[in-house]
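Observations on the three-dimensional arrangement
Residues per chain, in single letters:
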Amino acid sequence: EHDTQVTFADVAGIDDVKGELTEIVSFLKNKAWYARLGAHVPKGTLLVGPPGTGKTLVAKAIAGEAAVPFFSISGSEFVEMFVGVGAARVRDLFDQARQAAPCIIFIDELDALGKMRGVGSFGGNDEKEQTLNQLLAELDGFDPREGVVLLAATNRPEVLDPALLRAGRFDRQILIDRPDRKGRLAILKVHLHKIIYKDDLDCERIAEITPGLTGADLANLVNEAAIVATRRSSQWVELQDFTAAVERLVAGIERKGSVLRSDERQVVAYHEMGHALAASSLPAMDLVHKVSIIPRAAGSLGYTLQRPTDDRYLISTQMLRDRLVVLMAGRAAEHLVFGQVSTGAADDLGRATDIARQLVTRFGMSPVLGQAVLERQQAGYLGDLLLRQERKDYSEQTAREIDLAVRGLLEEAYGRARALLEQRRNDLDAGARLLLAKETITPEEFPALQPQANEPATYVLVDATK
Ligand code: ADP
Ligand code: MG
Ligand code: ZN
């Protein structure tokens, strides 16, 4: 495509990543200016996010803004190809792009092409592997100073072959998430231009009743509302048409599990706020970056993002124990407020158990079991399948002691989480309320999330050098 006809004006609700996108545009426009000091844009940028959040749209908008040609190909197109054709197509694509530089190459649905090799396909799919290898070779072979910007999109980053994400390949990720209320309002406004609506249409209200919907859902919603209005022979589209359309649309989406009932949202809000307040109370923990009750792709109902202050290579016992408290605090908040717990903490508990177990069996941090390393990870190969095996060097008796030690650590962490939240109950209530209203909040918006020194820090450095 020579002109994608899409600009940033067509993409709404992506303010938090706009800076990074603008940088790519400015590189494409002023290649020479960047090259002056030897700088070049990162080779490959991966847009990650659930389906319908506007990844393809964003890629086109970058090309549109920079007014450069847009070469696009979808990973799923390769799946059906004959042996050798896929690899040739990739080579061809990169050759063409080089001649057209500055330009953008966009690989949509990268996961269809870049699935981990050797997993689930014993000796199968040679074709895909050849294509992927060709892509890796092209990635390594091209010089970003030529002015070709490589973008790819995926909604399943976890299945990608790690080779694709290595430095010098797709080593930069931009997260395009489901929009929060403010984002939905902005997206609605983009799409409302296409229909005739009543002047005083309450867009805020529409944004309010559509949590969990993506940009694509909202575009669809606007169209559905126009259909509803047409059916009742109205001269314009009104709020009632939107509410009717939302009900229909949400009924469809609810089955896919991405829209929460309001009582569930309450539980999730307290759960996430529990994690976030615990993290902010423990000085050894990373800063809280963002708390959200917007459902994510991988089946989670909300999330708390922490931002590491420094790279860490050594982790102290204190940090690991505090990490356990943060993980336990989601469930502790639920229990404190609602008097019962939910399945929502299953993932937290799994991670906490792993940490507690490693603390005991790999890092020699349990006073009871002492400094012995009881389990080690070993990598073994079976065909081209990488196997992670645990080697266990202990008796039945020790196994029981390990179980007890792990359980003790988890109980202790849960107790600390609970005490901490009881102490900060007011912040918990206020935070959950704010979260329900705004869906995502940052420490700037809710200062209680900024670091609080409620518990003294004791750093006990343990040499876990790897
Ligand atoms: P993805 O590639 O992430 O699955 P698309 O880019 O294909 O999503 O989005 C599908 C359509 O949904 C777009 O063409 C656009 O009409 C609408 N859409 C999605 N996200 C946005 C957004 N942030 N702003 C405006 N429209 C959007
Ligand atoms: Mg897409
Ligand atoms: Zn949790």
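Residues numbered from 1 in each chain as written. Chains lettered and ligands numbered in written order. Predicted model: local features only at pLDDT ≥ 70, side-chain atom pairs only at ≥ 80, totals over all residues. Heavy atoms only, no water.

**Notes on the overall build of the protein**
Counting secondary structure elements, the protein contains 17 helices and 10 strands. The buried share of the protein, taken over its 466 residues, is 46%. A fraction of 74% describes how many contacts in the protein between residues 6 or more apart in sequence connect residues 24 or more apart. When the accessible surface of the protein is split by element, carbon and sulfur atoms take 51% of a total near 23,200 Å². (Helix = DSSP H or I, 4+ residues; strand = E, 2+ residues; numbered from the N terminus. Buried < 20%, exposed > 50% of the residue type's maximum accessible area, 1.4 Å probe, protein only. Contact = heavy atoms within 4.5 Å. Areas by Shrake-Rupley, 256 points an atom, 1.4 Å probe, with all protein chains shown as cover.)

**Describing the site of ligand 1**
The local shell around ligand 1 holds 15 residues, among which Ala12, Gly52, Lys55, Thr56 and His191 are the closest. Interatomic distance of 2.8 Å between a side-chain N/O atom of His191 and a nitrogen atom of ligand 1. Coverage of ligand 1 by the protein chains reaches 78% of its 560 Å² of free accessible surface. A per-element tally of the shell around ligand 1 places helix 3 (residues 55–66) first, with 3 residues. (Near = heavy atom within 4 Å. Polar contact = N/O pair within 3.5 Å; in protein donor to acceptor, adjacent residues only side chain to side chain.)

**Remarks on unusual backbone geometry**
The amide bond that connects Ala101 to the next residue, Pro102, takes the cis arrangement and shows omega of -5 degrees. With respect to the helices and strands, the residue Pro102 is situated in the loop between helix 5 (85–100) and strand 3 (103–108). Positive phi, close to 55 degrees, is recorded for Ala67, a residue that is not glycine. Examined against the element boundaries, Ala67 turns out to sit in the loop between helix 3 and strand 2 (70–74).

**What about the environment of Gln235?**
Position of Gln235 relative to the elements: it lies in the loop between helix 11 (215–231) and helix 12 (239–256). C-alpha of Gln235 to C-alpha of Ile196: the two residues are 39 residues apart in sequence and 8.2 Å apart in space.

**So, the coordination of the zinc ion (ligand 3)**
The textbook angles at a metal center are 109.5 degrees for a tetrahedron of four donors and 90 or 180 degrees for an octahedron of six. Here the zinc ion (ligand 3) is held by the protein donor atoms His271 (NE2), His275 (NE2), Asp348 (OD) and Asp348 (OD), which lie 2.0 to 2.7 Å from it. For the zinc ion (ligand 3), the 4 donor atoms are set out with angles of 53 to 147 degrees between them, so the coordination reads as irregular. One chain supplies every donor for the zinc ion (ligand 3), spaced along it as H-x3-H-x72-D. With His271 and His275 both in helix 13 (residues 262–281) and 4 residues apart, the pair spans about one turn of that helix. Look at His271 and you get buried, because its relative accessible area is 5%. (Donors = N, O, S within 2.8 Å, 3.2 Å for Na, K, Ca; no water. Tetrahedral: all angles 85-135°; square planar, octahedral: opposite > 155°, others 65-115°.)

**Section: the sheet that holds strand 1 (residues 44–48)**
Here 5 strands make up an open sheet; going across it, the order is 2-3-4-1-5 and the pairing parallel. Two strands close off the open sheet at either side, each with one partner strand: strand 2 and strand 5 (172–175). Averaged over all pairs of adjacent strands, the angle between their axes in this sheet comes to 20 degrees, without regard to strand direction. Direction of pairing for strand 3 relative to strand 4 (residues 148–154): parallel, over a ladder of 5 bridges. Residue pairing for strand 4: Ile104 is matched across the bridge by Val149. (Pairing = 2+ DSSP bridges. Axes fitted to C-alpha atoms, helices over the stretch in contact; angles between N-to-C directions.)

**What about the confidence of the model for the protein?**
On average, residues of the protein score 82 in pLDDT, and 84% of them reach the 70 mark or higher. In the model, residues 380–387 has pLDDT below 50 throughout and makes 12 contacts with residues more than four positions away in sequence or in other chains. Contacts from residues 456–466, a stretch scored under 50 in pLDDT, to residues over four places away or in other chains number 19 contacts. (pLDDT = per-residue confidence, 0-100.)

**So, the pattern of salt bridges**
Evaluated as defined, the whole model comprises 18 salt bridges. A salt bridge links Asp427 to Arg424; the nearest nitrogen and oxygen atoms lie 3.0 Å apart. What makes Asp427 partly exposed here is its relative accessible area of 24%. Looking at Arg424, the relative accessible area reads 5%, which means it is buried. When salt bridges that share partners are traced, they join Asp95, Arg98 and Glu138 into one network. (Salt bridge = Lys/Arg side-chain N within 4 Å of Asp/Glu carboxyl O.)

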